[in-house]
Structure formats: C-alpha cells, structure tokens
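# Topology and contacts: notes
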Amino acid sequence: MASTARRKASPASFLLKLREVLAREDPAVISWDGDGRITIGDPKRLGDEVLARYFRHGNFSSFQRQLNYFGYYKVQGKGRLAACVYTNDALAAAAGGPPDLPVDALLALKRKSSREGAAAAAAA
C-alpha cells in the first residue's frame, strides 16, 4: 500500500541563500531584526561585493524583485541605491511581541504566485 503522507516542501533556494547572507555578512551591509525586517545599509556594496558570492549575479534590482516575490516590501528608504528597510507582513505578525523572531523564520515564506500578483495589481 502506498503511503499517502506528503513530503514536506523544502524552502526556496533564494530563502536558503538569503539566510546565509544574513548570517555571514557584515550587518552594516545587510541585517535581520527580530521583527522579520531586513535592513540594507549599503545597497551598492551589497550588489558589488556580496550578492555574486551567493547568487548567479550581483544585480541589486533582481535581489529586490526576489524579496518582493516572497512578500517583502520597502518601508523605508528612497532612491535606487539608498539605505532601505524591507518588511514582510506575515513575519511581522508572527513576531507579535518582543522582537525575537529567528532568521530561520523566513524559510517558511512561500513565493507569491503570478495570480496573486495579478490580483493585487488589479485591486490597486
């Protein structure tokens, strides 16, 4: 008899690499806070020195797009290469009380489907 149990889906490759970046890189460049926010203190340095070590490119715009696919959006920072802060409502709600959400919490995020993006654009 075949097992009906489903295999647990593994986290997306982008999220695994993002966790590694947040754990290893200089917090002045990119950091995680206990509320699920990601602070990018030096976007130029992130693109020039960090991203290519973890991803197939060093394109900061592509990195931002990937954050958006996983529900992150910019809440602070203006300009293309200005310091900025990204938040994710699902993680912010999970943090709830004192800021102590571990960076591994981002591994539970799911990528938005194209339908979700189209519905959000239509609602705007």
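Residues numbered from 1 in each chain as written. Predicted model: local features only at pLDDT ≥ 70, side-chain atom pairs only at ≥ 80, totals over all residues. Heavy atoms only, no water.

### Describing the overall build of the protein
Looking only at helices and strands, the protein has five helices and four strands in total. Listing every helix and strand of the protein by position from the N terminus yields α-β-β-α-α-β-β-α-α. The buried share of the protein, taken over its 124 residues, is 33%. Across the protein, contacts joining residues at least 24 apart in sequence account for 53% of those joining residues at least 6 apart. (Helix = DSSP H or I, 4+ residues; strand = E, 2+ residues; numbered from the N terminus. Buried < 20%, exposed > 50% of the residue type's maximum accessible area, 1.4 Å probe, protein only. Contact = heavy atoms within 4.5 Å.)

### Some details on the environment of Ile-38
One can find Ile-38 in strand E2 (residues 38–40). Residues within four places of Ile-38 in sequence aside, it is in contact with Leu-18, Leu-22, Ile-30, Ser-31, Trp-32, Leu-67, Tyr-72, Cys-84, Val-85 and Tyr-86.

### Comments concerning the environment of Ser-10
Relative to the assigned elements, Ser-10 resides in the segment before helix H1 (13–24). A relative accessible area of 61% means that Ser-10 is categorised as exposed. A sequence separation of 98 residues divides Ser-10 from Ala-108, and the C-alpha atoms of the two residues are 9.1 Å apart.

### Some thoughts on the sheet that holds strand E1 (residues 30–32)
Note on sheets: strands pair through backbone hydrogen bonds, and any given pair is parallel or antiparallel. With antiparallel pairing, four strands are arranged side by side in an open sheet as E1-E2-E4-E3. Because the sheet does not close on itself, it has two edges, and the strands there are E1 and strand E3 (72–76). Ignoring which end each strand starts from, the neighbouring axes of this sheet average 25 degrees apart. Here H1 sits on the sheet and contacts E1 and E2; the angle it forms with E1, its principal contact strand, is near 100 degrees. (Pairing = 2+ DSSP bridges. Axes fitted to C-alpha atoms, helices over the stretch in contact; angles between N-to-C directions.)

### Observations regarding the nonpolar core
Ile-30, Ile-40, Phe-63 and Leu-106 are the most contacted members of the largest nonpolar core, which has 28 residues in total. Sorting the residues of this core by element identifies H1, E1, E2, helix H2 (43–54), helix H3 (60–69) and strand E4 (84–88) as the ones contributing at least two each. Examining the composition of this core, we find that five residues originate from one element, H1, more than from any other. Ignoring sequence-local partners within four residues, the contact set of Ile-30 consists of Leu-18, Val-21, Leu-22, Glu-25, Ile-38, Thr-39, Ile-40, Leu-46 and Phe-63. (Core = buried A, V, L, I, M, F, W, Y, C linked by side-chain atoms within 4.5 Å.)

No statement about biological role is implied by the geometric values presented.
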